[in-house]
Amino acid sequence: MTKKILATACDAGPANNMQGPLNLLKGKEDLEVIVISEGPSTNIFKSNSMEPRTIEDYGFDELTSEAAIEILIQEKPDLLFTGISAVSDIERFFIYAAREVSNGRIKTVSILDGYDFSSVKLKDTKVSPEYRFKPDYVFVANSDVLETLAVEDFDRTQLIITGLPSYDHLINLKKLCNPEDIAVIRRELNVSQDAYLVTFLSQALLKVAKIAKAIEDHGYTELTALEATENSLAELDINNLYLFVRSHPHEDLEVTKTALKGKLQRINFSNTYDTRRAMVASDLVIGMFSTLMPEAAYLDKDVFSVKPDYTFDDTTTFLHNPMGYAVPTNDRLITNSIGLSIPAYKKETVTPHLHTLMTNNYTREQLKQRRSKLVLDGMSTQRAADAIYQILESQ
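Model, not experiment: these values are computed from the prediction.

### Brief notes about the packing of helix α15 (residues 347-359) against helix α16 (residues 361-371)
Working step 1: At a closest axis distance of 6 Å, the pairing of α15 and α16 adopts a crossing angle of 75 degrees. Regarding the angle of α15 to α16, the classification is roughly perpendicular. Touching Thr 356, Leu 357, Met 358 and Thr 359 of α15 are Asn 361, Thr 363, Arg 364 and Leu 367, all from α16.
Working step 2: The residue inventory of the contact of α15 with α16, partitioned by class, reads three nonpolar, four polar and one charged.

### Some remarks on helix α6 (residues 143-150)
Working step 1: All buried positions along α6 are accounted for by Val 145, Leu 146, Leu 149 and Ala 150. The arc that holds the buried residues of α6, viewed along the axis, is 140 degrees, so those residues lie on one side.
Working step 2: Check the buried side of α6 and you find it contacts β5 (137-140) and β6 (159-161).
Working step 3: At the N-terminal boundary of α6, the capping side chain belongs to Asn 142, with an oxygen 3.1 Å from the backbone nitrogen of Asp 144.

### A look at the sheet that holds strand β3 (residues 79-82)
Working step 1: Spatially, six strands are ordered β2-β1-β3-β4-β5-β6 in an open sheet, and the strand pairing comes out parallel. Two strands lie at the open edges of the sheet, namely β2 (31-37) and β6, each paired on one side alone. Pairs of neighbouring strands in the sheet enclose a mean axial angle of 20 degrees, with direction left out of account.
Working step 2: Where strand β1 (residues 3-9) meets β3, four bridges bridge the pair, whose relative direction is parallel. Opposite Ala 7, over in β3, you have Phe 81 as the bridge partner.

### Points about the side chain of Arg 371
Working step 1: Residue placement: Arg 371 occurs in helix α16.
Working step 2: Apart from residues no more than four positions distant in its own chain, Arg 371 is found in contact with Ala 297, Asp 300, Lys 301, Asp 302 and Leu 340.

### What to know about the packing of aromatic side chains
When we look at a pair of aromatic rings, we describe it by the centre distance and by the angle of the planes.
Working step 1: The final tally for this structure, using the stated rule, is 14 aromatic pairs.
Working step 2: Both rings, one in Tyr 167 and one in Tyr 298, keep their centres 5.3 Å apart while their planes meet at 75 degrees; by these two values the pair is edge-to-face. Placement of the pair is Tyr 167 in the loop between β6 and α7 (170-174) and Tyr 298 in helix α13 (residues 292-298), with a sequence separation of 131 residues. Each member of the pair, Tyr 167 as well as Tyr 298, is classed as buried.
Working step 3: Ring-pair connections join several aromatic residues into one group, and the members of that group are Tyr 220, Tyr 310, Phe 312, Phe 318 and Tyr 345.
Working step 4: Between Lys 28 and the ring centre of Tyr 389, over which it is positioned, the NZ or CZ distance is 4.5 Å.

### Describing the nonpolar core
Working step 1: In terms of nonpolar packing, the biggest core is built from 100 residues, with Phe 94, Leu 149, Phe 200, Leu 284 and Phe 304 touching the most fellow members.
Working step 2: Take this core: its biggest share by element is seven residues, from helix α4 (residues 90-102).
Working step 3: In this structure Leu 149 touches Leu 112, Phe 117, Val 138, Val 140, Phe 154 and Leu 159, once residues within four positions along its chain are discounted.
Working step 4: Among the nonpolar cores identified, the runner-up in size contains 24 residues, and Ile 5, Met 18, Val 35 and Met 50 belong to it.

How each quantity is defined
Residues numbered from 1 in each chain as written. Predicted model: local features only at pLDDT ≥ 70, side-chain atom pairs only at ≥ 80, totals over all residues. Heavy atoms only, no water. Axes fitted to C-alpha atoms, helices over the stretch in contact; angles between N-to-C directions. Helix = DSSP H or I, 4+ residues; strand = E, 2+ residues; numbered from the N terminus. Parallel < 35°, antiparallel > 145°, perpendicular 65-115°, else oblique. Contact = heavy atoms within 4.5 Å. Nonpolar A, V, L, I, M, F, W, Y, C, P; charged D, E, K, R; others polar. Buried < 20%, exposed > 50% of the residue type's maximum accessible area, 1.4 Å probe, protein only. Arc of directions from axis to C-beta. Polar contact = N/O pair within 3.5 Å; in protein donor to acceptor, adjacent residues only side chain to side chain. Pairing = 2+ DSSP bridges. Phe/Tyr/Trp six-rings, centres within 6.5 Å; stacked < 30°, edge-to-face > 60°. Lys NZ or Arg CZ within 6 Å of the ring centre and 35° of its normal. Core = buried A, V, L, I, M, F, W, Y, C linked by side-chain atoms within 4.5 Å.

So this is what it looks like as structure tokens:
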């Protein structure tokens, strides 16, 4: 008997982790896969041989929990597979709807993008209790993330370590980390082979803040982070420096450019060039908390997290990471906590911390040794697909 999977997502990160397992599952003769998407996830699914539907395809003008209930009644899936988005409620509505219409028949499975749960936890405090993130199963990156969720009222039997399917491609990408391929990439970027290449991974924080109605106050934006980066790089006066700014697809590029004040000679912006190829050819990767920053560490790149004017209050708690830096426990970038990147949380610390990362050989060697312990087996996609299939077979 054919069973049906209904998958839904909004954000790009979850979609990148979902599309691989879904492609494996839709190749099985006893499974039917339907994808309902909105936002950035739509293009990701389309580019990976999916044909995502929208709620408009079902006759609804607005995404609500009632619409999700009606869609599930119509489709009658056996399993719901979701990501979890920072702003959209699409996954929360469908998980809620599955509970309402099936009395446990529709199993709900979500994959947690990256290593951070704090943003999901924060949004849980902002939504009605029935929409809080509580699927039947959660796929997580590793044992550390499992332990984080285990203290957040998730039963350990709900948590399955699959790894991140979106990281499987890094095995092939690492093969480009050789002088010949790096030279090709630098020519594509119009960067000389002897230049010190810094890639800045921007994010659409200004736009998200407006949409989310201040669900999360970072204390900084892509503009203040880029401005602090330019100021520090200019102050450090690095020989033959080239700054490549990779903007987010939903970022207003012209607005972002206003952050720069002409202190650096060689700067290039792009919202289309393959970010991961740029990271391969980079000497240093700078960003805020982009999900690409842990990938840069896997590619054996020095990583710097710039978060000027980070929001602290009386309730902020800290941990000391293995590199000796005090890191707020609510920092969303896991590499800061586990000592794979160097952070700066105040304007006045950006330059000295960046100087340490770029010039202190002991610090650089420590980071390199820590990165050498990162292991990829390329099997996360298969593990996620197998886990979903096993959950379906157990019904």
